[in-house]
Amino acid sequence: MIIRSFIISILFLTSASFAQSPKTGEFIIDATPAEVLGNEAAAYENYISQNETLSWEVYVPEDYDATKPAGIMVFAGAPRDVRAPGGWMSVMDDKNLIWVAARKSDNGSSVHQRELLAMMSIPLVEKDYAIDKDRIYITGEGRTAGRAVINYPEMFKGAVFMGNRIWEDNAQEKAKNIKDNRFVFVTRETSAFPRGTRYAYNKFKKAGVTNSKIELIQGKHRYNRPKFAKSIDYLDG
């Protein structure tokens, strides 16, 4: 009887352990701003109702280990169904990063809504996973990513920028807060033009953000898996 009770206890503890194991792979998280931000959600009521149910697509590496905190890569400006570029999820595996993208955060939303959704992605993931706060990055739609790193410099430690309008006119003063962070600018531009990617790169450098580099894509080449992995290595320093 004692042995049987002992075995039952072990089985119970094992089952409870599996039940509490963090979810891995691809899945969707639904939550309201109030659930993610608590009382702070009321401050953003003009952009998104604190009781509105929102959805995020998440990918957690299968070998996630809470004793080795993961980084986060936020994908900003995602449409209804998020499809990461080919090979990017395997980079998440290799670099111990959790991928998160808010659904319906594309051009149908205001830039304020898109920025809020990107910011909310961090506490959303932190609720259930051990996170290395020095490895929280953002990519995706350029303007949203640019605003996020400027307005939340202690949250986003780096970015892989793509697209236009990354640098906004009021960013100069705030740029002093991101001088220790790291940025990669992905572009096909060979010369700068207003609001372009290389234009933003020049603005960052002029503002003293020296940890910035251009990833120039030429000819038929694409920003593929090896280039993305190389960019993560740069962000990691």
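Counting starts from 1 at the beginning of each chain's written sequence and moves along it residue by residue. Given that this is a predicted model, residues contribute local features only at a pLDDT of at least 70 and side-chain atom pairs are listed and counted only at 80 or more, while totals for whole chains, interfaces and linings are drawn from all residues. With hydrogens and water stripped out, all remaining heavy atoms of the structure feed into the side-chain values.

(A) Up close: the packing of aromatic side chains. Only centres within 6.5 Å qualify two rings of Phe, Tyr or Trp (six-membered ring in Trp) as a pair; their planes then separate them into stacked at under 30 degrees, edge-to-face at over 60, and tilted for everything else. Taken as a whole and assessed by the stated rule, the structure comprises 13 aromatic pairs. Their ring planes at 45 degrees and their centres at 5.0 Å tell us that Phe-161 and Phe-185 sit as a pair that is tilted. In this pair, Phe-161 sits in strand β6 (residues 158–161) while Phe-185 sits in strand β7 (residues 182–187), placing the two residues 24 residues apart along the sequence. In this pair, the class of Phe-161 matches that of Phe-185, namely buried. Aromatic ring contacts, followed pair by pair, group Phe-161, Trp-167, Phe-183, Phe-185, Tyr-201 and Phe-204 into a single cluster. Under the DSSP-based scheme used, a helix requires at least four consecutive residues in state H or I and a strand at least two consecutive residues in state E, with every element numbered from the N terminus. In this scheme, a residue with accessible area under 20% of its type's maximum is buried, one over 50% is exposed, and one in between is partly exposed, where area comes from a 1.4 Å probe on protein chains only.

(B) Structural context of the layout of surface pockets. In this model, the largest pocket occupies a volume close to 220 Å³. At the level of elements, β2 (54–60) and α4 (111–126) are the ones that each hand at least two residues to the lining of the largest pocket. Broken down by class, the residue content of the lining of the largest pocket amounts to four nonpolar, four polar and four charged. Using only the protein atoms, space was sampled on a 1 Å grid; points where a 1.4 Å probe fits but cannot get out form cavities, open sets with protein on both sides within 12 Å along at least five of seven lines form pockets, and lining residues are those with an atom within 4 Å of a point. Grid points are joined across faces, edges and corners, and a volume is the space filled by probe spheres set on the points. Ten residues, namely Ala, Val, Leu, Ile, Met, Phe, Trp, Tyr, Cys and Pro, are considered nonpolar, four, namely Asp, Glu, Lys and Arg, are considered charged, and the remaining ones, Gly among them, are considered polar.

(C) The packing of helix α3 (residues 88–95) against helix α8 (residues 225–236), seen in detail. Axis definition: a line fit to C-alpha positions, over the contact stretch in the case of helices; interaxial angles, taken between N-to-C directions, run 0 to 180 degrees. It is the contact of α3 with α8, at a shortest axis distance of 9 Å, that shows an interaxial angle of 35 degrees. When the axes of α3 and α8 are compared, the crossing they make is right-handed. The segment α3 lies against α8, with Trp-88, Ser-90, Val-91, Met-92, Asp-94 and Lys-95 engaging Arg-225, Phe-228, Ala-229, Ile-232 and Asp-233. Its residues assigned to classes, the contact of α3 with α8 comprises six nonpolar, one polar and four charged. Should the near helix be turned anticlockwise from the far one by less than a right angle, the crossing is left-handed, and should it be turned clockwise, the crossing is right-handed. Only heavy atoms matter for contacts: two residues are in contact if any of them lie within 4.5 Å across the pair.

(D) Focus on α3. Listed in full, the buried residues belonging to α3 are Trp-88, Met-89, Val-91 and Met-92. Buried residues along α3 cover an arc of 155 degrees about the axis, so they all sit on one side. Packed against the buried residues of α3 are β2, β3 (70–76), β4 (97–102), β5 (131–140) and α8. After α3 finishes, the residue Asn-96 shows a positive phi value of roughly 55 degrees. Think of it as the arc spanned by the lines of direction from the helix axis to the C-beta atoms.

(E) Inspection of the sheet that holds β3 at higher detail. Judged by pairing direction, the sheet is mixed, and its eight strands sit side by side in the order β1-β2-β4-β3-β5-β6-β7-β8 without closing on themselves. At either end of the open sheet lies a strand with only one pairing partner, and these are β1 (25–31) and β8 (212–216). Going across the sheet, the axis of each strand differs from the next one's by a mean of 20 degrees, ignoring polarity. Relative to β4, β3 runs parallel, the two sharing five bridges. What sits directly across from Phe-75, in β4, is Ala-101. Two strands pair if DSSP finds at least two bridges between them.

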